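Descriptive analysis of the structure
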Amino acid sequence: MILAERMQRVKGSEIRSVGKKIAARNSADLIKLSAGIPDEALFPAEELKAATLPLFDEPLLPSLQYGLTKGDTRLIHLIAERMKQAERMEIPEKNILITTGCQQGISLSSVALLDRGDVVLVEKPTYMDGLNASIPYECRFIGVETDDDGMVAEALETAQRTIPRVKMIYVIPNFQNPTGKAWPLKRRREFMDVVQKFPDLMVVEDNPYGELRFRGEFIPSLKSFDTLGQVIYLGSFSKVLSPGLRVAWVVAHDDLIEKLEILKEGFDLQSNQFAQSQVVNYLLQNDLTAHVEKLRAAYKEKCDTMLREIKRTFPPEAKVIEPDGGMFIWVSLPEYINTSDMLAEALDAGVSYIPGISFFADGRGTNGLRLNFTSNSCERIKLGIERLAGVVKKNIR
Ligand SMILES: Cc1ncc(COP(=O)(O)O)c(C=O)c1O
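Residues numbered from 1 in each chain as written. Predicted model: local features only at pLDDT ≥ 70, side-chain atom pairs only at ≥ 80, totals over all residues. Heavy atoms only, no water.

This brings us to the sheet that holds strand 12 (residues 328-332). Strand order in this open sheet of four strands is 11-12-15-14, and the pairing throughout is antiparallel. Two strands bound the open sheet, and with one partner strand each, they are strand 11 (319-321) and strand 14 (354-355). (Pairing = 2+ DSSP bridges. Helix = DSSP H or I, 4+ residues; strand = E, 2+ residues; numbered from the N terminus.)

Here it is in C-alpha cells:
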C-alpha cells in the first residue's frame, strides 16, 4: 500500500494518545477530569424517547429516507429561530447548512479555503483536536498571542501583515476549549476591526459552548459584527442536547454556503436524517431554553465546587482561570513542571487530566493542564482535585 503524501502529516492528536494512556489505566476508581463530555445524567432521555417514537408512525417514514444535503428544512427553520433567541442574530435560512457536528464545519471550511502551505492562525492555546480536521489539507498552524481576553488584536494584525499566506483564523470566543475563557465585547470588536481590514481573510468562529453561560452577561458573537461575510459560524446541539446525535450547523455568506453544501454532498450526502428528525420533534415538543437553564445551574455548581477545591488544596504557585461557562478549567503550574510527565503520577493517584501541550500549535504549554468539571458528580470532583493536589504538591520545588 502506498498512502497519499498528505498522510505523512496525519498522525493522530496528542489528546488521542493521552486518551489511550488513560484508557490503559481505566478502573472504576479512576476519576477522569480529562474527559471533554457533558453529564449524561442531564441528557433529556425521556423527552428524546418521546420525540423518537412517533417517527416510526409517520406516513412514508421520511426520517428513515434520504433527505436534502442542506438538511431538514424544518430543522433549519428552528435553528434560525434559536439563533434569533439565543444569539440575537437574524440569520436567513438560506445561509444555514446542517452538519455532522461542529467538527464537520471545521472540515468543510478547511477544504473550501485551504491550499497546501496556507496558514491558519489560532489562539494559544486552542482546540488542536478540532484542527485535525484541517491537517489533511496540508496547511500550517501558527499561534497568535492570546491574553486573558482572547486573541490580541494588534498581534493578529502583525501576524496578518508579516506571515505570508494567512487564509483562515480559527477561534473559540465563548468558554474556549481548553481555557474556558470568553472574550469580552471590546476584544471582539477590536478583533473584527482588524479582520475587516483584510477582506480576503476568513474566520471560523467555533461556538459549541456559547449557550452554557452560567455567570455574567450575554456577549454577541463575532458573526454579529461581520459586515463583509468573513465569518463562518459553527453551532452545535452537542453540548446542549446530546453529542451522540451529531447534529450541528454552519452559517456562512451566500456564495460560500453553496460551496460548502456541494462539498458536503461529496463528504456524506447529508447528515443523519433520523437524528435531525429527532431534534426537530424534541424542539417542537420541549422548551430547549428551559433545559439549557438546568444545564447551566448544574454546571455552575460543579464548576464552583472544582474552583473551591482547587483553591483549598492546590499550592499557591498554581494559577487558575475561573470560567463563566462551558466545561473546562485551565490550570498553569510553574514552568519547570511538565504536565505530560506528571500525568503518570496522577494516574497512579487515580485521577486524569489533559496535559497542556495537547493544545498548543507550537509544542509549548508544557506547564498547563485542562480539567473538565461537567462529567463527574461534585463528590467525585472533590476527591479528584484532592488527589491531583497531592501530585502537584509533590512536584513543587
Ligand atoms: C471547541 C470545540 N469545537 C468542536 C467540538 C466538536 O463538537 P461537535 O460535537 O459539534 O462536533 C468540540 C468538542 O469537544 C470542541 O470543544
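Moving on, there is more to tell.
Time to look at the nonpolar core. Counting 74 residues, the largest nonpolar core has Phe237 and Leu371 as the members making the most contacts within it. In terms of residue count, helix 10 (residues 288-313) provides more of this core than any other element does, nine residues in total. Formed by 26 residues, the second largest nonpolar core is a distinct cluster that contains Ile106, Leu113, Val204 and Leu260. (Core = buried A, V, L, I, M, F, W, Y, C linked by side-chain atoms within 4.5 Å. Buried < 20%, exposed > 50% of the residue type's maximum accessible area, 1.4 Å probe, protein only.)

This part takes up the domain arrangement of the protein chain. The parts lose accessible area when they come together, and the size of an interface is often stated as this lost area. What the domain assignment lists for the protein chain is domain 1 (5-43 + 290-395) and domain 2 (46-285). The C-alpha centroid of domain 2 is placed 25 Å from the C-alpha centroid of domain 1. Contacts between the two partners involve 34 residues from domain 1, matched on the other side by 35 residues from domain 2. When domain 1 packs against domain 2, the two sides together hide about 3,100 Å² of surface, and 61% of this comes from carbon and sulfur. On the domain 1 side of the interface with domain 2, the three residues burying the most area are Arg9, Asp324 and Phe359, jointly 19% of the side's total. At the junction of domain 1 and domain 2, the tally comes to three salt bridges. The salt bridge partner of Arg215 is Asp304, with a shortest N-O separation of 3.0 Å. (Domains from an automatic or database assignment. Contact = heavy atoms within 4.5 Å. Buried area = accessible area lost by both parts, 1.4 Å probe. Salt bridge = Lys/Arg side-chain N within 4 Å of Asp/Glu carboxyl O.)

Our focus in this paragraph is the pattern of salt bridges. Pairing between side chains of opposite charge can happen when their charged atoms approach one another. Taken as a whole, this structure holds 28 salt bridges when the rule is applied. Among the salt bridges present, the one from Asp29 reaches Arg387, with a minimum N-O distance of 3.0 Å. Residue Asp29 is found in the loop between helix 1 (14-24) and strand 1 (31-32), and its partner Arg387 is found in helix 12 (residues 378-395); the two are separated by 358 residues along the sequence. Ionic pairing is found between Glu322 and Lys311, a salt bridge with its closest N-O pair at 2.8 Å. In this pair, Glu322 sits in the loop between strand 11 and strand 12 while Lys311 sits in helix 10, placing the two residues eleven residues apart along the sequence.

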